[in-house]
Each structure stands twice: as C-alpha cells, then as structure tokens.
Amino acid sequence: MTATTAEAGQGTGTLADALRLPVWNALAERADGLRRALPDRPENAEERFQWLRALSPAQARRAELLDRLDALCGHLAGRPAPGYAPDDSLPDAALEAADGFCGEETAELIAAYRAGQRARR
C-alpha cells in the first residue's frame, strides 16, 4: 500500500495537513504488518468470504483491523471512507490508530492538534 506525497499531503499548510502524511505512514505500516501476518487475502468476493470463514478468531480480528486501517489510509489520501465525514481530512479514528505507532515528533503534533480541536469545541 503506497500513496504519493501529493495524495497523502494535500492541503493548505495547517497542522492537519502536516499530520496527514506521517499519520498515513503509521497506519500503512501497521496495515502492512497485519497483511504479512495473515494468509493471502483473495480479491474475488466469494473466495474472500471463504477466506474470512477459515480464519481463526484472532486472525479475523486482525483482518477487521486491516480493513479499517486500509479505509483510513484511503480517507487520508483523499478517497472518503464509509463512516467518516468526507470533509474531515483527519478523522479522530486515524489519530487514535496512529497513536503509539508513530515517532515522537508526530506524537507531539497529534497532541497539539487534539488540544486545538478541544479548544474549538
């Protein structure tokens, strides 16, 4: 899973724009790790259904998280995901999923962004 800098870093220079690419990177790295830990996922819907049924409960949880991370990565790259507001370029769910899986500098930016969001509420 890869996104170009232009896809993942579009914006106007705000803190959200500065966070989009590093958060995307953290989510993509997590997704790639999950993808490697799971059996190959078929593209065909019927085969994928059988694949899901064959997974252990732990693997099924990982597959569900993988789907969620893939959707969030797409959302951050400008392809709105179901369940997230299309105009929310940096959903809280993406920040939560990246928290603890990114570098210290990104973690500090996330904290500053969240503080700003709280102040606006």
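Residues numbered from 1 in each chain as written. Predicted model: local features only at pLDDT ≥ 70, side-chain atom pairs only at ≥ 80, totals over all residues. Heavy atoms only, no water.

Notes on the packing of helix α2 (residues 15-37) against helix α6 (residues 104-120)
Running from N to C, α2 and α6 cross one another at 140 degrees; their axes reach a closest spacing of 10 Å. With respect to each other, α2 and α6 are oriented oblique. Considering the relative orientation of α2 and α6, their crossing is left-handed. Between α2 and α6, the contacting residues are Leu15, Ala16, Leu19, Pro22 and Val23 on the first element and Thr106, Leu109, Ile110, Ala112 and Tyr113 on the second. (Axes fitted to C-alpha atoms, helices over the stretch in contact; angles between N-to-C directions. Helix = DSSP H or I, 4+ residues; strand = E, 2+ residues; numbered from the N terminus. Parallel < 35°, antiparallel > 145°, perpendicular 65-115°, else oblique. Left-handed = near helix turned anticlockwise from the far one by under 90°. Contact = heavy atoms within 4.5 Å.)

Points about the packing of aromatic side chains
Taken as a whole and judged by the stated rule, the model has 0 aromatic pairs. Between Arg30 and the ring centre of Phe101, over which it is positioned, the NZ or CZ distance is 3.9 Å. (Phe/Tyr/Trp six-rings, centres within 6.5 Å; stacked < 30°, edge-to-face > 60°. Lys NZ or Arg CZ within 6 Å of the ring centre and 35° of its normal.)

Remarks on the pattern of salt bridges
Taken as a whole and assessed by the stated rule, the structure comprises 7 salt bridges. Between Asp70 and Arg41 there is a salt bridge whose closest N-O contact spans 3.1 Å. Separated by 29 residues along the polypeptide, Asp70 in helix α4 (residues 57-76) and Arg41 in the loop between α2 and α3 (45-54) bring together distant segments of the chain. On the basis of relative accessibility, which here comes to 17%, the residue Asp70 falls in the buried class. Asp99 is paired through a salt bridge with Arg114; the nearest N and O atoms lie 3.2 Å apart. Taken together, the residues Asp99 in the loop between α5 (92-98) and α6 and Arg114 in helix α6 connect sequence positions 15 residues apart. Via salt bridges that share partners, Asp32, Arg35, Arg41, Arg48, Asp67 and Asp70 belong to a single interconnected network. (Salt bridge = Lys/Arg side-chain N within 4 Å of Asp/Glu carboxyl O. Buried < 20%, exposed > 50% of the residue type's maximum accessible area, 1.4 Å probe, protein only.)

A closer look at the environment of Arg20
With respect to the helices and strands, the residue Arg20 is situated in helix α2. Once the C-alpha coordinates of Arg20 and Ala77 are considered, the two residues, 57 residues apart in sequence, prove to be 8.3 Å apart. Among the polar contacts listed, one links the side chain of Arg20 to the side chain of Asp17, at a separation of 2.8 Å. (Polar contact = N/O pair within 3.5 Å; in protein donor to acceptor, adjacent residues only side chain to side chain.)

Quick word on the confidence of the model for the protein chain
Here the protein chain averages 88 in pLDDT, and 89% of its residues register 70 or above. Throughout residues 1-12 the model reports pLDDT below 50, and contacts reaching past four residues in sequence, or to other chains, amount to 24 contacts. (pLDDT = per-residue confidence, 0-100.)

As for the packing of α2 against α4
Angle between the axes and distance between the axes: these two values describe a pair of packed helices. Contact pair α2 / α4: the axes reach a minimum separation of 9 Å and the direction vectors enclose 150 degrees. Considered as vectors, α2 and α4 are oriented roughly antiparallel to each other. In the packing of α2 onto α4, the handedness of the crossing is left-handed. The residues of α4 that touch α2, namely those facing Arg20, Val23, Trp24, Leu27, Ala28, Arg30, Ala31, Leu34 and Arg35, are Arg62, Leu65, Leu66, Leu69, Asp70, Leu72, Cys73 and Leu76. Of the residues assigned to the contact of α2 with α4, the class counts are 12 nonpolar, no polar and 5 charged. (Nonpolar A, V, L, I, M, F, W, Y, C, P; charged D, E, K, R; others polar.)

With respect to α6
At 3.6 residues per turn, the α-helix brings residues three or four places apart onto the same side. The terminal C-alpha atoms of α6, which comprises 17 residues, lie 25 Å apart, in line with the 24 Å expected from a rise of 1.5 Å per residue. Turning to α6, its buried residues number three or more, namely Thr106, Ile110 and Tyr113. Each buried residue of α6 lies within a common arc of 65 degrees when the element is viewed along its axis, so the set occupies one face. Exposed residues pointing more than 90 degrees away from the buried face of α6 are listed as Glu104, Glu105, Arg118 and Ala119. Looking at the packing, one finds that the buried side of α6 touches α2 and α5. (Expected span 1.5 Å × (residues − 1). Arc of directions from axis to C-beta.)

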